[in-house]
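# What the coordinates show
Here are the chains, one letter per residue:
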Amino acid sequence: MENLNIGICGWGNVATGLFKVLEENNTIIHQKTGCNINIKVIGARRNNPKCDPGDVIIERDIFDVLDHDIDAVVELIGGVDTARELILAAIKKGKHVVTANKAVLFHHGDEIFLEAKKANVSILFESAVCAGTPLIKVIQEELSANNITKIAGMLNGTTNFMLSEMEEGSSFEEVLKIAQDKGYAEPDPKFDIEGYDAAHKIGLLSSIAYGTPLPPDNFHIEGIINIKKIDFDYAKELGFSIKHLAVAKKDDLNIQLRSHPVLVKDNSYLANLKGVRNGIEIDTDLLGVIHIAGSGAGQEATASGLISDLINLMKTNGVFSFPDFPDSLNTIDIAELSFKYYFYIEAMDEPGVMASIASIFAENNISIETIIQKESTDGVSPVILITNRYFEKNVNKVIKTLDSLASIKTYRTIRIED
Ligand SMILES: NC(=O)c1ccc[n+]([C@@H]2O[C@H](COP(=O)([O-])OP(=O)(O)OC[C@H]3O[C@@H](n4cnc5c(N)ncnc54)[C@H](OP(=O)(O)O)[C@@H]3O)[C@@H](O)[C@H]2O)c1
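In what follows, the accompanying structure is described.

What counts and what doesn't
Residues numbered from 1 in each chain as written. Predicted model: local features only at pLDDT ≥ 70, side-chain atom pairs only at ≥ 80, totals over all residues. Helix = DSSP H or I, 4+ residues; strand = E, 2+ residues; numbered from the N terminus. Rg over C-alpha atoms; globule rule 2.2 N^0.38 Å. Buried ≥ 20, exposed ≤ 12 C-beta atoms within 10 Å, placed from the backbone. Contact = placed C-beta atoms within 7 Å. Near = placed C-beta within 6 Å. Arc of directions from axis to C-beta. Pairing = 2+ DSSP bridges.

Assigned secondary structure in the protein chain consists of 13 helices and 18 strands. Here the C-alpha atoms of the protein chain give a radius of gyration of 24 Å, agreeing with the 22 Å that 2.2 N^0.38 yields for 418 residues. For the protein chain, the spread of C-alpha atoms along the three principal axes comes to 80 × 45 × 35 Å. Across the 418 residues in the protein chain, those meeting the buried criterion constitute 43%. Here the analysis covers contacts within the protein chain between residues at least 6 apart in sequence; of these, 75% occur between residues at least 24 apart.

Here it is, written out as structure tokens:
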């Protein structure tokens, strides 16, 4: 296929970015691939003052895009329910689908892939995870001969930016405001700071690496809202940095899926990726550990991934190889996983406070690797400790005890990622 006729649904940030990049880089795309991508129609319920679509046909109802003579639909409306309806309708009409929408695939991926397989059309989604930074095709194609044992990374630019700034001394509230002013965080930042966006992305990566279902059946999701800037100082003192990590890890017949803050060694690759960049580590048997980092959002970065999917469609003539995994893998509950833990505990400043905190851990058969008592202020004594490695279900017993004691003013705990 040398010519691909497409319809774009949605006319926001990403769609207009795709339009502009296809106009500006058309020659370079043709020179490198021999392919022509023609935008035949755009589904836009209103004009976008930031982009003039020229003489491309505009449909005010996005579903009318599907009635045009196009090979593929690029779904860029975001959200879940209407996007699902649109994608399923496109499949029914025999159109290939390219989407940047992680949320719809996370919640309805299995249904969408099944329908696409039946209709013999492709579903491509390179830009749904870390925009155009190549990950999906790397895992699906370049690493297809590898046994991948772990995929872990900072998959949300907003949280990585916020944590990097907090490490430099800003508070959570200050840095959230900066992220919103810079346009990194949405006016409603819940999706980013509560860990859902990163969870959606690792859910998609796990589905292509391990065949885990979409939606997944067991996923631990936690955000960064409880982390305080003082935690960075204590983490640093102990040789760690704090990151928000999304992880898919396979051992034997189990998969763990989790998206939560962690302490990582401060000299590690992931600890040193600062700011809005996304970064990922893939553990493979043939190539060892691979690192990939790049821009995780933005018009141009996302257009890069979308165009790579469109070119892939042309090169494969739309023939898509659907993965075929056995369904024997079990997604394990986080209570059954083991970690080392960082604890920050504020106790009433009484004689023997450190000993009494240590005894809470000892009573629950949890041994402590490091314990430090800080200077008391206002009658409160901060104690920082790192445990040895224990199952989460055991550590939960310590948490229950800390919750029940009047002498404990507050506490926080963060898992430590090996
Ligand atoms: N922004 C990024 O950097 C980035 C990176 C990677 C992936 N993505 C993904 O790309 C997709 C699009 O993101 P975006 O940033 O372009 O969002 P956006 O700027 O909000 O644009 C969404 C567009 O879809 C339209 N739309 C939404 N619901 C619609 C409906 N029911 N019917 C018709 N039109 C509808 C909106 O129209 P109105 O303007 O009329 O509401 C708008 O034109 C999302 O799935 C997002 O997760 C974004």
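Glancing now at the site of the ligand. Lining the immediate surroundings of the ligand are 21 residues, of which Gly 10, Gly 12, Val 14, Gly 78 and Ala 297 lie closest. Among the elements that line the shell around the ligand, the one with the most residues is helix α1 (residues 13–24), at three residues.

The set of residues buried in helix α12 (residues 353–363) consists of Val 353, Ile 357 and Phe 361. Down the axis of α12, the buried set is contained in an arc of 80°. They therefore lie on one face. Away from its buried face by more than 90 degrees, α12 exposes Ala 355, Ser 359, Ala 362 and Glu 363. Buried positions along α12 lie against β14 (338–348), β15 (368–373), β16 (380–387) and α13 (392–404). Looking at the residues trailing α12, positive phi occurs at Asn 365, about 60°.

Another point: helix α2 (residues 26–33). Counting buried residues in α2 gives zero out of eight residues, a small share hidden from the surface. Gly 34, located one to two residues past α2, shows a positive phi value of around 75°.

Turning next to the sheet that holds strand β2 (residues 36–43). Reading across from one edge, β3-β2-β1-β4-β5-β6 is the order of the six strands in this open sheet, with parallel pairing throughout. Single-partner strands in this sheet number two, and they are β3 (57–59) and β6 (123–124). Where strand β5 (residues 96–99) lies against β6, two bridges are found, and the strand directions are parallel. Within β6, the residue paired with Val 97 across the bridge is Ile 123.

Let us look at the environment of Pro 134. Looking at the secondary structure, you find Pro 134 in the loop between β6 and α5 (136–142). By the C-beta count within 10 Å, which is 17 here, Pro 134 ends up partly exposed. For the pair Pro 134 and Ile 91, spaced 43 residues apart in sequence, the C-alpha to C-alpha distance is 25 Å.

The subject of this paragraph is the pairing of strand β12 (residues 288–294). Pairing between strand β11 (residues 278–284) and β12: seven bridges, direction antiparallel. In the sheet register, Glu 281 faces β12, and the bridge partner there is His 291. A loop of three residues connects β11 with β12, the two strands running antiparallel in sequence.

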